[in-house]
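Chain by chain, the residues:
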Amino acid sequence: MTITISNLQPVIAIVAGILILVAPRLLNYIVAIYLIAVGVIGLGLFRGLS
């Protein structure tokens, strides 16, 4: 099975959800990191990942 971004997004969402439930103060950091990662990948700066 080839691992692609579309395969990783649900896993990342589940992990982020669990972390938010455990430590709600992490919400800001988790959202910020996710948005930056999606933006960088969307711009094509990581061509090997997309």
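Residues numbered from 1 in each chain as written. Predicted model: local features only at pLDDT ≥ 70, side-chain atom pairs only at ≥ 80, totals over all residues. Heavy atoms only, no water.

What follows deals with the layout of surface pockets. Looking at the largest pocket, its volume works out to about 190 Å³. The wall of the largest pocket is formed by 10 residues, among which Ile12, Tyr34, Ala37, Val38 and Ile41 lie closest to the centre. If you list the elements that add at least two residues to the lining of the largest pocket, you get α1 (5–22) and α2 (27–42). A total of 6 residues in the lining of the largest pocket trace back to one element, the largest contributor, which is α2. Grouping the amino acids of the lining of the largest pocket by side-chain chemistry returns 8 nonpolar, 2 polar and no charged. Taken as a whole, the second largest pocket encloses approximately 160 Å³ of empty space. (1 Å grid on protein atoms, 1.4 Å probe; cavity = no way out; pocket = protein on both sides within 12 Å on 5 of 7 lines; lining within 4 Å. Points joined across faces, edges and corners; volume = space filled by probe spheres on them. Helix = DSSP H or I, 4+ residues; strand = E, 2+ residues; numbered from the N terminus. Nonpolar A, V, L, I, M, F, W, Y, C, P; charged D, E, K, R; others polar.)

Once that is clear, we can look at the UniProt feature "transmembrane region" (unreviewed entry) in the protein chain. The UniProt entry lists residues 7–23 and 29–49 under the feature "transmembrane region" (unreviewed entry), expressed in the numbering used here. Counting secondary structure, residues 7–23 comes out at 94% helix and 0% strand; the distance between its end C-alpha atoms is 25 Å. (UniProt positions renumbered as here; feature names shortened; annotations may be inferred.)

Further remarks concern a nonpolar patch on the surface. Together, Leu8, Ile12, Leu27, Val31, Tyr34, Leu35 and Val38 make up an exposed nonpolar region whose accessible area comes to about 570 Å². Listing elements by their share of the nonpolar patch, those giving two or more residues are α1 and α2. Top element by residues in the nonpolar patch is α2. It accounts for 5 residues. Inspection of the secondary structure puts Leu27 in helix α2. For Leu27, a relative accessible area of 36% puts it in the partly exposed group. (Patch = residues over 30% accessible without salt bridge, like charges linked within 9 Å, V, L, I, M, F, W, Y side chains within 5 Å. Areas by Shrake-Rupley, 256 points an atom, 1.4 Å probe, with all protein chains shown as cover. Salt bridge = Lys/Arg side-chain N within 4 Å of Asp/Glu carboxyl O. Buried < 20%, exposed > 50% of the residue type's maximum accessible area, 1.4 Å probe, protein only.)

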